[in-house]
Amino acid sequence: MHGKSILLIVGGGIAAFKALELVRELRRAGAGITPVLTENGARFVTPLSLAALAGAPVRTSLWNLEDEAAMGHIELSRSADLIVVCPATADLMARAATGMADDLATTLLLATDTPVLMAPAMNVRMWQHAATVANVATLRARGVTVLEPDDGEMACGEFGPGRLPEVAAIVAAVTALLPSRLREGLGVGSDSRPTPRHPAQDFPPPTPPAAEGDRRSTGRGGLVGTRALVTAGPTHEAIDPVRYIGNRSSGKQGFAIAAALGRAGAEVTLVAGPVALATPPGVRRVDVVTAREMAAAVSAALPCDIAVMVAAVADWRVDPAAGKLKKHKGGPPDLALVENPDILASVGHGTPRPRLVIGFAAETDDLLANAAAKLAKKGADWIVANDVSDGVFGEDRTHVHLVSHKGVEDWGGASKAEVADRMVARIIDAL
Ligand code: CTP
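Since the model is a prediction, treat every value here as computed from it, not as a measurement. (Residues numbered from 1 in each chain as written. Predicted model: local features only at pLDDT ≥ 70, side-chain atom pairs only at ≥ 80, totals over all residues. Heavy atoms only, no water.)

Colleague: Describe the pairing of strand 16 (residues 356-363), listing the residues and the values that go with them.
Modeller: Counting buried positions over the eight residues of strand 16 gives seven, a clear majority of the element. Bridge analysis of strand 13 (residues 306-309) against strand 16 gives four bridges, and the strand direction is parallel. Looking at the pairing, Ile306 lines up with Leu356 of strand 16. Here strand 16 runs beside strand 17 (residues 382-387); their pairing, made up of six bridges, is parallel. Looking across to strand 17, one finds that Glu363 is bridged to Asp387. (Buried < 20%, exposed > 50% of the residue type's maximum accessible area, 1.4 Å probe, protein only. Helix = DSSP H or I, 4+ residues; strand = E, 2+ residues; numbered from the N terminus. Pairing = 2+ DSSP bridges.)

Colleague: Before we move on, could you go through the side chain of Arg59 and cite the residues and values that matter?
Modeller: Of note, Arg59 is situated in the loop between helix 2 (47-54) and helix 3 (65-70). For Arg59, a relative accessible area of 7% translates into the label buried. Not counting chain neighbours up to four residues away, the residues in contact with Arg59 comprise Pro35, Val36, Leu37, Asp67, Glu68, Met71, His73, Leu76 and Leu104. (Contact = heavy atoms within 4.5 Å.)

Colleague: Tell me about the site of the ligand, residues and numbers included.
Modeller: Around the ligand there are 14 residues in total, and Met309, Ala311, Leu344, Lys374 and Lys378 lie nearest to it. Note that an oxygen atom of the ligand is positioned 2.6 Å from one of the backbone N or O atoms of Met309. Between the ligand and Ile343, the relevant distance is 3.0 Å, taken from a nitrogen atom to a main-chain nitrogen or oxygen of the residue. Bound to the protein, the ligand loses 80% of the 570 Å² it would expose on its own. Mapped by element, the contributors of at least two residues to the shell around the ligand are helix 13 (343-348) and strand 16. If you tally residues by element for the shell around the ligand, the top one is strand 16, at four residues. A class-by-class count of the residues in the shell around the ligand yields nine nonpolar, one polar and four charged. (Near = heavy atom within 4 Å. Polar contact = N/O pair within 3.5 Å; in protein donor to acceptor, adjacent residues only side chain to side chain. Areas by Shrake-Rupley, 256 points an atom, 1.4 Å probe, with all protein chains shown as cover. Nonpolar A, V, L, I, M, F, W, Y, C, P; charged D, E, K, R; others polar.)

Colleague: Residues and numbers for the confidence of the model for the chain, please.
Modeller: The predicted model of the chain averages 87 in pLDDT, with 89% of residues at 70 or higher. Low pLDDT, under 50, characterises residues 181-217; the predicted model gives this stretch 70 contacts beyond four residues in sequence or across chains. (pLDDT = per-residue confidence, 0-100.)

Colleague: So what about the nonpolar core? Which residues, and what values?
Modeller: Ranked by internal contacts, the top residues of the largest apolar core, which has 62 residues, are Leu22, Val84, Cys86, Ile170 and Val174. When residues in this core are grouped by element, the largest group, nine residues, is from helix 9 (residues 167-177). Residues lining this core come from more than one domain, with at least three contributed by each of domain 1 (5-177) and domain 2 (199-430). Residue contacts for Val174: discarding those within four places in its chain leaves Met1, Ile6, Leu26, Leu82, Val84 and Leu117. (Core = buried A, V, L, I, M, F, W, Y, C linked by side-chain atoms within 4.5 Å. Domains from an automatic or database assignment.)

Colleague: Would you mind going over the packing of helix 5 (residues 90-97) against helix 8 (residues 130-141) in detail, with residue names and values included?
Modeller: For any two helices packed against each other, the geometry is given by the interaxial angle and the distance between the axes. At a minimum axis distance of 9 Å, the contact between helix 5 and helix 8 shows a crossing angle of 50°. If you check the angle between helix 5 and helix 8, you find them oblique. Judged by the sense of rotation from one axis to the other, the crossing of helix 5 with helix 8 is left-handed. Counted together, Ala90, Met93, Ala94, Ala96 and Ala97 of helix 5 and Thr132, Asn135, Val136, Thr138 and Leu139 of helix 8 form the full contact between these two elements. Of the residues that constitute the contact of helix 5 with helix 8, the class distribution is seven nonpolar, three polar and no charged. (Axes fitted to C-alpha atoms, helices over the stretch in contact; angles between N-to-C directions. Parallel < 35°, antiparallel > 145°, perpendicular 65-115°, else oblique. Left-handed = near helix turned anticlockwise from the far one by under 90°.)

Colleague: Help me get a handle on the environment of Gly30, residues and values and all.
Modeller: Residue placement: Gly30 occurs in the loop between helix 1 (16-28) and strand 2 (32-37). Expressed as a C-alpha distance, the spacing of Gly30 and Lys4, which sit 26 residues apart in the sequence, is 7.5 Å. For Gly30, the residues in contact, after removing those within four places along its chain, are Met1, His2 and Gly3.

Colleague: An account of the pattern of salt bridges is needed here, citing residue identities and associated values.
Modeller: Applying the stated criterion to the full structure yields 16 salt bridges. The closest approach of N and O atoms between Asp240 and Arg243, which form a salt bridge, is 2.4 Å. Judged by its relative accessible area of 3%, Asp240 falls in the buried class. Each of Asp91, Arg95, Asp102 and Asp103 takes part in a single network of salt bridges with overlapping partners. (Salt bridge = Lys/Arg side-chain N within 4 Å of Asp/Glu carboxyl O.)

Colleague: How would you sum up the pairing of strand 19 (residues 407-415)? Please name residues and give values.
Modeller: In the sheet, strand 18 (residues 397-404) pairs with strand 19 via seven bridges, with the strands oriented antiparallel. Note on strand 19: the bridge partner recorded for Val403 is Val408.

Colleague: Residue-level account of helix 15 (residues 416-430), with values.
Modeller: Across its 15 residues, helix 15 extends 21 Å between first and last C-alpha, which sits within 8% of the 21 Å expected from 1.5 Å per residue. Buried residues dominate helix 15, accounting for eleven of its 15 residues. When helix 15 is considered as a whole, its buried residues turn out to be Lys416, Val419, Ala420, Arg422, Met423, Val424, Ala425, Arg426, Ile427, Ile428 and Ala430. Residues of helix 15 that are buried make contact with helix 11 (252-263), strand 13, strand 16, strand 17, strand 18 and strand 19. (Expected span 1.5 Å × (residues − 1).)

Colleague: Please set out the sheet that holds strand 1 (residues 5-10) residue by residue, giving values where relevant.
Modeller: Strand order across the open sheet formed by five strands is 2-1-3-4-5, with parallel pairing between neighbours. Each edge of the open sheet carries a strand with a single partner, namely strand 2 and strand 5 (145-146). As paired strands, strand 1 and strand 3 (residues 82-88) are joined by four bridges and run parallel to one another. In the strand pairing of strand 3, Ile9 is matched with Val85. Running over the sheet, helix 2 touches strand 1 and strand 2 and is turned about 170° from strand 2. Of the strands in this sheet, strand 1, strand 3, strand 4 (116-120) and strand 5 touch helix 9, which is tilted by about 165° from strand 4.

Colleague: Could you give me a rundown of the environment of Ala260, with the residues and numbers involved?
Modeller: Its place among the elements puts Ala260 in helix 11. Sequence separation between Ala260 and Ala420 is 160 residues, and the spatial gap between their C-alpha atoms is 6.2 Å.

Colleague: Give a detailed account of unusual backbone geometry, specifying residues and quantitative values.
Modeller: Here the amide bond leading from Cys86 into Pro87 is cis, since omega sits at -5°, within 30 degrees of zero. With respect to the helices, strands and loops of the structure, Pro87 is situated in strand 3. Cis geometry is adopted by the peptide bond preceding Pro303, which originates at Leu302 and carries an omega value of 0°. The phi angle at Asp366 is positive, at roughly 45°, despite the residue not being glycine.

Printed below as a string of structure tokens:
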């Protein structure tokens, strides 16, 4: 984030104090922060603490002559690389969705042509109310990235979705949204929108294994002008400061696919779990640790034309203990597992939907039946089925089947790089 500038609008909710932590993390990552505090935000955090952490004066009003003389609000709304609203309250989102401009925050949001990220926080009933659902849909349709709030116990004592996403997840989303040097260098605007179209009908008829034709055009720029999103590697879910829930994914297949998409000319965002692999040339990489961080980075990388979800996302997380769990305290700890968001399903069933959504299925039993079930459940166009019963993790070779609504293809044994090339050739055909 070095050299990037972020306009941070802090709304009026109990989660506003988390905006202070966000400021610290964004500055640690090298970003410059211009803070804006709404009138109600100032009921929860003081301008002084926000200014001290941001290292910059706080703007609070549209009507402050000194502030306006220093930088007018129109210029302020356009001077940043990204606008982040944290917390985005139901009221602030409603006013932004209806185009109101009755305070500095809403005026900035109306006057800007800069990408906007909103991190919502509110009571669960407010989040689920038809009015908020419609406002969020309106904002998303206009290109605003609205993150999904977290699920859990709320400050008001109720349970459900509505908690502010974790600060690390917001940081991951910011990283995915900030215009990269690569994108700037290519002259590709962040507002380039892929065209909506469902590709399932384009899937060619099943062919025998290892058709030579599939290797033809991957390096020839067949995907120039498209945006691709790849997830790769495992996620780690902390149990305590020293332990985590994880899996054996090495990230090799996802990185190979990101590299092949990049060679074919796509503008690639690779959201990578914790792996020790080099970033493929020309690929924009967003590092994450947890499933929720991955979900936020993925949602910030949308819209795109092609989504390939290769990551082995941990299905469950626990509420991590603040200190190391000790074994002598009355037997094994009681770890209450909470289900993580299904990232592929939210992309496959969500809007804006990429033109082509591809998932992976790592199975030990009933490979093809399980993969076919995931196709429908996750709203994918293709599922790459991978038999992991005798050790594919970390290896360079694999054996996959491509499962689509049209049938099943056995791609036979191949290196992960060959699978990536063949998939990219097939993507070029389908698009
Ligand atoms: N996936 C995801 N988010 C999750 C779980 C899985 O995006 N929380 C994606 C993976 O990246 C992969 C596909 O869904 O593309 C299938 O993953 P897999 O682990 O095989 O399936 P699960 O949904 O976890 O089902 P199960 O563990 O019951 O087989």
